[in-house]
Amino acid sequence: MTPEITTPTPETRDVVILGSGCAGLTAAIYAARSNLKPLVLEGHEPGGQLSITTLVENFPGWPDGIQGPELIENMKLQAQRFGAELRMAHLSAADLTAHPIKLTVGKDIIHTRTVIIASGASARWLNLPSEQALIGNGVSSCATCDGFFARGKEIAVIGGGDSAMEEALFLTRFATKVTLINRTDRFRASPIMLERAKAHPSIRFMTSTIVEEVLGVEEKDVKGLRIKNTVSGEVSILPVSFMFLGIGHIPNAQAFKGMMDLDEDGYILASDDVHCTLNGQVLPGVFCAGDIKDRKYRQAITAAGSGCMAALEVEKYLEAHGR
Ligand code: NDP
């Protein structure tokens, strides 16, 4: 792609932030406090994953926990207080090699010296209507966030990869019994994680089994799972009161395919944790933060931390370029 040379206009922004989860909003707070007047495009899932979580008990500073949506709302207010502009919009197209960078948002073209991509990752769901209806009420995709609510309960974990093994092992700290349900009899998990989970006395394995329905929509609380053995065809009810999904995440970086280096699962391959690259070369002015480049930790606090890092790097970059 030939870089488009455009003379910066007075409308050229210093920084545009894509995404309004923990990473994007923390970047906005830092950039706004540096007087960079960041524009935040809130994206397809405003507020990110926290906006669909209930109580967040592991974000430092909230000894009694805080509701995910409230935490996000506070971050928004904090960013706006220092001059961040939030817009309910998402990116339609981008030219990241142009100078200034060119972003298309609907009919608008936005020119900016830097961009922070913080569009996050979305948990993969089974996409059953009953599952979707019970998210936050006994259905969760984050054991670290919601494991505590499973204490004293019998629960199910869905998946056969490392995430599912890790979640199942972690949840044995709270749940009385964990049933791990894998849709085939093959596991993607690494042998060591699989063995560890298999050896745990509180975890039992159900293979070649799919979840057909989550029971309890009327009661607004999980009452069990209707499951089916795909080999025998037998349908039964598993009496659990929590279902955790561990079937992977999808990084929201599909729009950047071909524009920057992504790993085989579509996560941004960041250089020095914050710089986006193309063919191994740093893309000037293009930064990333949060779950879109983090397949490992995926916590609100690590996303927030990386948003802070990206904003500080933006500041340094602009300073080095005479702003
Ligand atoms: P994976 O892609 O490795 O595994 C996903 C699992 O979910 C598979 O068993 C898959 O089944 C199953 N699955 C996918 N879609 C559905 C569906 N619709 N219904 C039922 N089951 C489904 O994802 P992970 O998140 O587990 O791991 C991602 C990466 O992160 C891996 O590289 C992993 O090693 C790494 N990781 C490492 C950890 C560690 O080292 N501590 C912890 C967590 C992750 P099927 O096989 O049939 O497709």
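Residues numbered from 1 in each chain as written. Predicted model: local features only at pLDDT ≥ 70, side-chain atom pairs only at ≥ 80, totals over all residues. Heavy atoms only, no water.

**Here we look at the overall build of the protein**
Here's step 1: Across its full length, the protein holds seven helices and 20 strands.
Here's step 2: By the compact-globule yardstick of 20 Å for 323 residues, the protein fits well, its C-alpha radius of gyration being 22 Å.
Here's step 3: Every one of the 323 residues in the protein was classed for burial, and the buried ones make up 50%.
Here's step 4: Here the analysis covers contacts within the protein between residues at least 6 apart in sequence; of these, 60% occur between residues at least 24 apart.
Here's step 5: Of the roughly 15600 Å² of accessible surface on the protein, a fraction of 51% belongs to carbon and sulfur atoms.
Here's step 6: Computing the positive centroid from 31 side-chain charges and the negative centroid from 37, the protein places the two 1 Å apart. (Helix = DSSP H or I, 4+ residues; strand = E, 2+ residues; numbered from the N terminus. Rg over C-alpha atoms; globule rule 2.2 N^0.38 Å. Buried < 20%, exposed > 50% of the residue type's maximum accessible area, 1.4 Å probe, protein only. Contact = heavy atoms within 4.5 Å. Areas by Shrake-Rupley, 256 points an atom, 1.4 Å probe, with all protein chains shown as cover. Lys, Arg positive; Asp, Glu negative; His and termini not counted. Charge placed at Lys NZ, Arg CZ, Asp CG, Glu CD.)

**Thoughts on the site of the ligand**
Here's step 1: Taken together, 13 residues sit near the ligand, with Asp162, Ser163, Glu166, Arg183 and Arg188 positioned nearest.
Here's step 2: With respect to the ligand, the side chain of Arg188 contributes an N or O atom lying 2.7 Å from an oxygen atom.
Here's step 3: In the complex, 70% of the free accessible area of the ligand, which totals 910 Å², lies under the protein chains.
Here's step 4: Among the residues making up the shell around the ligand, the classes are represented as two nonpolar, six polar and five charged. (Near = heavy atom within 4 Å. Polar contact = N/O pair within 3.5 Å; in protein donor to acceptor, adjacent residues only side chain to side chain. Nonpolar A, V, L, I, M, F, W, Y, C, P; charged D, E, K, R; others polar.)

**Notes on the environment of Val286**
Here's step 1: Here Val286 shows up in strand β20 (residues 281-288).
Here's step 2: A relative accessible area of 0% places Val286 in the buried class.
Here's step 3: In this structure the C-alpha to C-alpha distance between Val286 and Arg151, which are 135 residues apart in sequence, comes to 43 Å.

**Describing the sheet that holds strand β10 (residues 139-140)**
Here's step 1: In space, the five strands of this open sheet follow the order β10-β17-β11-β12-β13, with parallel pairing throughout. For this open sheet the edge positions go to β10 and β13 (203-206), each flanked by a neighbour on one side alone.
Here's step 2: When strand β11 (residues 154-158) meets strand β17 (residues 242-245), the two strands line up parallel, connected through four bridges. Within β17, the residue paired with Ile155 across the bridge is Phe242.
Here's step 3: Of the strands in this sheet, β11, β12 (177-181), β13 and β17 touch helix α5 (residues 162-171), which is tilted by about 165° from β11. (Pairing = 2+ DSSP bridges. Axes fitted to C-alpha atoms, helices over the stretch in contact; angles between N-to-C directions.)

**Description of the packing of aromatic side chains**
Here's step 1: With the rule as written, the count across this model stands at five aromatic pairs.
Here's step 2: Seen from their ring centres, Phe242 and Phe244 are 4.9 Å apart, and the 10° between their planes marks the pair as stacked. Pair check on accessibility: Phe242 and Phe244 agree, each one buried.
Here's step 3: With a centroid separation of 5.9 Å and an interplanar angle of 80°, the aromatic rings of Phe287 and Tyr317 are classed as edge-to-face. On the criterion of sequence distance, the pair formed by Phe287 in strand β20 and Tyr317 in helix α7 (residues 300-320) is long-range, its members being 30 residues apart.
Here's step 4: With relative accessibility at 1%, the residue Phe287 sits in the buried group.
Here's step 5: One residue, Arg151, lies across the ring of Phe148, its end atom 4.3 Å from the ring centre. (Phe/Tyr/Trp six-rings, centres within 6.5 Å; stacked < 30°, edge-to-face > 60°. Lys NZ or Arg CZ within 6 Å of the ring centre and 35° of its normal.)

**Details of the pattern of salt bridges**
Here's step 1: Going through the model one piece at a time under the given rule, you end up with 11 salt bridges.
Here's step 2: With its nearest N and O atoms 3.5 Å apart, the salt bridge here joins Asp273 to Lys293. Here Asp273, found in the loop between β18 (249-251) and β19 (275-278), pairs with Lys293, found in the loop between β20 and α7; they are 20 residues apart in sequence, far enough to count as distant.
Here's step 3: Notably, a salt bridge pairs Lys316 with Glu313, separated by 3.5 Å at the nearest N-O pair. Highlighted residues: Lys316 and Glu313, both in helix α7, separated by three residues, approximately one helical turn.
Here's step 4: Take Glu313: its relative accessible area is 22%, and that puts it in the partly exposed class. (Salt bridge = Lys/Arg side-chain N within 4 Å of Asp/Glu carboxyl O.)

**Observations concerning the domain arrangement of the protein**
Here's step 1: Taken domain by domain, the protein comprises domain 1 (13-122 + 249-320) and domain 2 (125-245).
Here's step 2: Put simply, the middle of domain 1 and the middle of domain 2, counted by C-alpha atoms, are 31 Å apart.
Here's step 3: In this assembly, domain 1 packs against domain 2 so that about 720 Å² is buried in total across both faces, 48% of it on carbon and sulfur atoms.
Here's step 4: For the pair domain 1 and domain 2, the interface holds zero residue pairs in polar contact (both at pLDDT 80 or more).
Here's step 5: Classifying every residue of the side of domain 1 that touches domain 2 by side-chain character gives two nonpolar, four polar and two charged. (Domains from an automatic or database assignment. Buried area = accessible area lost by both parts, 1.4 Å probe.)

**What about the nonpolar core?**
Here's step 1: Among the nonpolar cores identified, the biggest contains 35 residues, and Phe59 and Ile116 are the most heavily contacted of them.
Here's step 2: Elements supplying a minimum of two residues to this core: β1 (13-18), α1 (22-33), α2 (68-81) and α7.
Here's step 3: When neighbours within four sequence positions are excluded, Ile116 is seen to be in contact with Val15, Val16, Ile17, Leu18, Ala27, Phe287, Ala289, Ala310, Ala311 and Val314.
Here's step 4: Among the nonpolar cores identified, the runner-up in size contains 23 residues, and Leu96, Met260, Ile268 and Leu283 belong to it. (Core = buried A, V, L, I, M, F, W, Y, C linked by side-chain atoms within 4.5 Å.)

**Some thoughts on α7**
Here's step 1: Compared with an ideal rise of 1.5 Å per residue, which puts 21 residues at 30 Å, α7 spans 30 Å between its outermost C-alpha atoms and is within 8% of the ideal.
Here's step 2: Those residues of α7 not exposed but buried are Ala300, Ala303, Ala304, Ser306, Gly307, Cys308, Ala310, Ala311, Val314, Tyr317 and Leu318.
Here's step 3: Of the surrounding secondary structure, the elements contacted by the buried residues of α7 are β1, α1, β8 (108-117) and β20.
Here's step 4: Residue Gly322 follows α7 closely and has a positive phi angle near 80°. (Expected span 1.5 Å × (residues − 1).)

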